[in-house]
Amino acid sequence: MIHRTFKIFLIFFIVLFALPSFSQITTGNRTEIDIDYSNPKDYEIGGITITGTTNLDHQVLIILSGLTVGETITIPGDKLTRAIDNLWKQGLFENIKISVTNVQGRIIFFNIDLKERPRLAKYAIHGVKRSQADKLSDEIKLTRGDVVTDNAIVKTQNKIKDYYIEKGFLHTEVTVSQKPDTSINNSVILDIDVKKNEKVKINKINFIGNEKLSDKKLAKSMKNTKEKGIMRIFKSSKFIKSEYKTDLESIVNLYNENGFRDAKIISDSVYDHDKKTINIDIKVYEGQKFYFRNISWVGNTKYKSERLSEILGIKKGTPYNLALLEQRMQFNPSGQDVSSLYMDDGYLFFSAIPVETAIDNDSIDIEIRMQEGKQARINKIIISGNNRTNDHVILREIRTRPGQLFSRSDVIRTRNELAQLGYFNAETIEPIPIPNRENGTVDIEYKVEEASSDQVEVSGGWGGGMIIGTLRLSFTNFSLRNMFNKNAWTPLPSGDGQRFSIAAQTSGRQYYMFNASFTEPWLGGRKPNALTLSSYFSVQRDFSKDYADNVRPRLAIVGASVGLGKRLQVPDDFFSLYQAIGFEQYNARNYGFYSIFDNGIANSLTYQITLSRDQIDAPIYTRYGSQFSLGLQLTPPYSLFKPEGYYAGASNQEKYKWIEYHKWTFRASWFFNLVDNLVLNVKYRNGFLGYYNKDIGYAPFERYWLGGDGLTGYALDGREVIALRGYQNQSLTPTDARGNKVGGTTFNKYSVELRYPFSLNPMATIWGLVFFDAGNDWATLKEYNPFNLYKGAGVGIRIAMPMFGIIGVDYGFGLDKVPGNPKGQLHFSIGQSID
């Protein structure tokens, strides 16, 4: 009895809830139809009309409903319900009603009455700056005429929240309100109110379940998810979901690198600590620690297993680390790997697959299965992306030639040398091997992206007690042969890799200087022999007093040089040799700035030779590599051809009519990529100015001036200005008996910088740095003491822009007392790197 009662109740319940699905089916005023739910009837659809909308095509709406004129329909039945569902799915309507308008026997007519959702007329974003509102508009992608649905509003809110969550604003609130637009029928205006609230930082990261690795090590492995702290300089504390997930993977990778192959994250949770901070709990499973045992090779015929194991460099008992194994197999930045051994000998199709063959307690055996394949030769070289630089400028730098065996090292070297040209975005240069297994050849495409390397320097500075303005134009991809080709001017003819620069400095009538230089890096077009021509002219006059023009203190210098640079093959092809011959004439009149030489004409004919080695990955933001140079500049030893004692009582005019000296310089710079893009740069510089004859002594020119930002201000005497941050400009330079700075003859400088980039965009590469400098400048070699150094430390920022070179700002503190030197010094540089 109870069972039968329950079945009747269930049928009644189903019918009761089924009726609403037909509640939108009504009859019209002209003809009525009796709907007997217990006795369904079949009708033929005689016609369908649409009312309530004028913006949509009625025939398309009928098709979307699924109803067709002439088809048979059962009433009551599910076809009308499906028709309503089909129209709802379009998301265009907020009310749908199907009415019977006429019945003629077994022929029935329907009307579908629709009420459209409003459309978007316009929207406004409130609560954020205009620049942020523009970025949000790009994110939400709302367009005038869009149908305004609940889903569209929720989607808009979520996109804005996600945008700010990625920036660390986890509690962003977004409210969207609608108001009718009276100027357009059935349209609304959306007001989007954004409240970012406080940026959320990470208060504490709690690790649970870790016994083998400390909290400190696990936290350090998370590169982007960091606890807040006053000492955090290079990475701020903020929670970004995508970076957090990557950091969770980094934790597992750290365990894997230490032999815990089964380690995993069991669970993690992020929860509020207070309104401004969150806590993170991360529960880990460490598992057992494993070690490498036996590593064997199968399929190798080119090299013996002993040789491959030597290069692999993984000894029995090393903690099991697949990442290390992969690095030693594929790419080892600190040395040779198995892959490069094969690929540098043409084996492009080489492959090696490590397979675990045995696991015994905590030890694992690995078998590396080799497929050496055939050697591949280069078929052709393809250059793409260079719309300004001529192909021959790129091709002459390429070390992979058609017909040669493929060499991965040559491909990497070519990429680095293309980056050092400065004509292309160093971050996007991409060599793409295109192998053809059938004929054993490979095409290599070098994709480049042009970047403006020309520079314009317009600056003002203080030097020598006066304000000096500088205008310098440097064109690093110049083309002399296109001087008369108007289509090649951008703004000067370009594309052949030549360098042309002109510069002017002036402080008005007191001082002015002009110089120009031109370099052809491939003289003759066949070999990388660089010809450089340069000349300059400068004048300084003293207007501090009312002098007669014929006795006004004045120093004029005119100079010119010609140099030839050559790439060497020995000791290796990273070396280059530069030689130059130069001539300078100094014309001094009552020039009391120097007690050594104040009247007369001094001539300097010099020969310069510099041996250098340059092996860095990129010229702007260098990550790894080194640079060295050893230079000698000398004049003929005129005094050796004079009798002994000839210069003992000679005047300064006689002594310096033809200047004689020998000048030695050494520079070294090392770059170490510590982690991610964090780079350590260690630099050393040393210089020594010597003489041939003790009766003449040191030359009054070509000396070293130490201290400050290294900006030359104005250079009248071939002086070499050396930066030492934390001290005033030239404040560490030796003086004469009267207290006048005369420049040093020997100097040492050490520098250490820790760099981290904020942007690697080629249009504005930006990085911050922490530095420590130490150096000194001595008047004579006898006074030289390499341990008596002035020390400075501080922080700085660099902005490298194509048109302006490197713009730098440093704030340094001198760590040693110097009379008159403030505790802190702000240093500014443009167009140069402080070294």
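Residues numbered from 1 in each chain as written. Predicted model: local features only at pLDDT ≥ 70, side-chain atom pairs only at ≥ 80, totals over all residues. Heavy atoms only, no water.

> Where do I start with the sheet that holds strand 8 (residues 187-195) in this structure?
Strand-to-strand pairing in sheets goes through backbone hydrogen bonds, with the strands running parallel or antiparallel. Spatial strand order, 6-8-7: three strands in an open sheet with mixed pairing. Edge positions in the sheet fall to strand 6 (119-126) and strand 7 (173-180), since each of these pairs with one other strand and no more. When the angles between neighbouring strand axes are averaged without regard to direction, this sheet yields 20°. Set on the sheet, helix 4 (residues 130-140) makes contact with strand 6 and strand 8; between it and strand 6 the angle comes to about 140°. Packed on one face of the sheet, helix 5 (residues 150-165) meets strand 7 and strand 8 and runs near 145° to strand 7. (Pairing = 2+ DSSP bridges. Helix = DSSP H or I, 4+ residues; strand = E, 2+ residues; numbered from the N terminus. Axes fitted to C-alpha atoms, helices over the stretch in contact; angles between N-to-C directions. Contact = heavy atoms within 4.5 Å.)

> Mind showing me how you'd approach the sheet that holds strand 14 (residues 363-371) here?
One open sheet accounts for three strands, arranged 12-14-13; its pairing is mixed. The sheet terminates laterally at strand 12 (291-298) and strand 13 (351-360), the two strands that pair on one side only. In this sheet, neighbouring strand axes are inclined to one another by 25° on average, regardless of whether the strands run parallel or antiparallel. The pairing of strand 12 with strand 14 spans six bridges and is classified as parallel.

> What's the story with helix 4 in this structure? I'm lost.
For an α-helix the count is 3.6 residues per turn, leaving residues at separations of three or four pointing the same way. Along helix 4, the positions that sit buried rather than exposed are Gln 132, Ala 133, Leu 136 and Ile 140. Here the buried residues of helix 4 occupy an arc of 100° about the axis, which is enough to place them on one side. Seen from the open side of helix 4, the exposed residues pointing more than 90 degrees away from its buried face are Arg 130 and Asp 138. Buried residues in helix 4 make contact with strand 6, helix 5 and strand 8. Of the residues flanking the end of helix 4, it is Lys 141, one or two places downstream, whose phi is positive at about 55°. (Buried < 20%, exposed > 50% of the residue type's maximum accessible area, 1.4 Å probe, protein only. Arc of directions from axis to C-beta.)

> It is not clear to me how the confidence of the model for the protein chain should be interpreted in this structure. Could you clarify?
Parts of the prediction with low pLDDT should not have their coordinates interpreted in detail. Mean pLDDT for the protein chain: 86, with 91% of residues reaching 70 or above. Here residues 1-32 is a poorly scored stretch, pLDDT under 50, and it has 24 contacts once near neighbours within four places are set aside; other chains count. (pLDDT = per-residue confidence, 0-100.)

> What exactly am I supposed to notice about the packing of helix 2 (residues 58-65) against helix 3 (residues 79-88) here?
Between two packed helices, the angle of one axis relative to the other and the distance separating the axes together describe the packing. Put simply, helix 2 and helix 3 touch, their axes get as near as 8 Å, and they point 120° apart. In this view, helix 2 runs oblique relative to helix 3, as classed from their interaxial angle. Between helix 2 and helix 3, the residues in contact are Leu 61, Leu 64 and Ser 65 and Arg 82, Ala 83, Asn 86 and Leu 87, respectively. Partitioning the contact of helix 2 with helix 3 into residue classes produces four nonpolar, two polar and one charged. (Parallel < 35°, antiparallel > 145°, perpendicular 65-115°, else oblique. Nonpolar A, V, L, I, M, F, W, Y, C, P; charged D, E, K, R; others polar.)

> Looking at this structure, how should I read the pattern of salt bridges?
Side-chain pairing between opposite charges can occur once the charged atoms of the two side chains come close. The tally for this structure, following the rule as stated, stands at 31 salt bridges. With a shortest N-O distance of 2.7 Å, Arg 413 and Glu 417 are connected by a salt bridge. Here Arg 413 and its partner Glu 417 are both found in helix 12 (residues 408-421), four residues apart, which amounts to about one turn of the helix. With a shortest N-O distance of 2.7 Å, Glu 720 and Arg 685 are connected by a salt bridge. Separated by 35 residues along the polypeptide, Glu 720 in strand 30 (residues 720-722) and Arg 685 in strand 28 (residues 678-690) bring together distant segments of the chain. (Salt bridge = Lys/Arg side-chain N within 4 Å of Asp/Glu carboxyl O.)

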